[in-house]
Amino acid sequence: MESLQEKITLLKKVCEIYKQLSKLETLKPCNHVDNLFTELVHTCIPHSSINITTLPESIHEIRIKLIRLCGEAEGHLEARFSIILGSFKNPLLHLTMFPYYSNYLKLNRLEYTSPPSTSPLLDLAPYPSPQSSWPLTI
């Protein structure tokens, strides 16, 4: 269990990354964007005992805005890779180039194999899962 100071440090770090991301003109893949999302993922990977329901409203608002920014960035990433993959004669042979390909397969299997009444309520926020890091620019 982390100390109060460690929890505060984690929240400050996430808020600082949000602040940097929110100031960018675009979230299209580039080194700076990729580095910020990689930092966010690495910051959020370790388990934390923070109970998000007890956080102040201002932190909840930042979390919601950060999730939206992550969704926007993921859309740009998908658009970029659709162009890259579409340039191949047989795009299906190159799907593994897409950084989230394996995560999409895992989610698809989970949704397909879990009966609706027993499916877990997943936080499907559009940011990389702990199994992946934000991709580096190709």
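What counts and what doesn't
- Residues numbered from 1 in each chain as written.
- Predicted model: local features only at pLDDT ≥ 70, side-chain atom pairs only at ≥ 80, totals over all residues.
- Heavy atoms only, no water.
- Axes fitted to C-alpha atoms, helices over the stretch in contact; angles between N-to-C directions.
- Helix = DSSP H or I, 4+ residues; strand = E, 2+ residues; numbered from the N terminus.
- Parallel < 35°, antiparallel > 145°, perpendicular 65-115°, else oblique.
- Left-handed = near helix turned anticlockwise from the far one by under 90°.
- Contact = heavy atoms within 4.5 Å.
- Nonpolar A, V, L, I, M, F, W, Y, C, P; charged D, E, K, R; others polar.
- Expected span 1.5 Å × (residues − 1).
- Buried < 20%, exposed > 50% of the residue type's maximum accessible area, 1.4 Å probe, protein only.
- Core = buried A, V, L, I, M, F, W, Y, C linked by side-chain atoms within 4.5 Å.
- pLDDT = per-residue confidence, 0-100.

Visitor: Help me out: how do you make sense of the packing of helix α1 (residues 4–22) against helix α3 (residues 57–86) in this one?
Guide: Helix-helix packing: each pair is described by the crossing angle between the helix axes and the interaxial distance. Following both chains from N to C, one finds α1 and α3 inclined at 50°, their axes separated by 10 Å at the closest point. One finds that α1 runs oblique with respect to α3. The crossing of α1 and α3 is left-handed. Here Leu11, Val14, Cys15, Tyr18, Leu21 and Ser22 of α1 come into contact with α3, specifically with Ile59, Ile62, Lys65, Leu66 and Leu69. For the contact of α1 with α3, the class distribution of residues is nine nonpolar, one polar and one charged.

Visitor: Would you take a moment to explain helix α2 (residues 31–44) for this structure?
Guide: Since one α-helical turn is 3.6 residues long, residues separated by three or four positions face the same way. Look at α2: 20 Å from first C-alpha to last across 14 residues, which is about the 20 Å you get at 1.5 Å a residue. All of the buried residues in α2 are Val33, Asp34, Leu36, Phe37, Thr38, Leu40, Val41 and Thr43. Buried residues along α2 sit in contact with α1 and α3.

Visitor: Which parts of the structure should I look at to understand the side chain of Thr43?
Guide: Within the secondary structure, Thr43 is located in helix α2. Classification of Thr43 as buried rests on a relative accessible area of 13%. In this structure Thr43 touches Leu10, Lys13, Val14 and Ile17, once residues within four positions along its chain are discounted.

Visitor: So what exactly am I meant to see when it comes to the nonpolar core here?
Guide: One broad trend across soluble globular proteins is that nonpolar side chains are buried collectively. Within the largest apolar cluster, 13 residues are counted, with the highest numbers of intra-cluster contacts made by Leu21, Leu27, Phe37, Leu40, Leu66, Leu69 and Cys70. Here Leu21 is in contact with Leu27, Leu36, Phe37, Leu66 and Leu69, once residues within four sequence places are set aside.

Visitor: Which parts of the structure should I look at to understand the confidence of the model for the protein chain?
Guide: Low pLDDT means the predicted atomic positions in that stretch should not be read closely. Model confidence for the protein chain is summarised by a mean pLDDT of 81, while 79% of its residues fall at 70 or above. Here helix α4 (residues 101–113) stands out as the element of the protein chain with the lowest mean pLDDT, 76, in contrast to α1, whose mean of 94 is the highest. Across residues 117–138, where pLDDT falls below 50, the model places 44 contacts with residues more than four positions away in sequence or in other chains.

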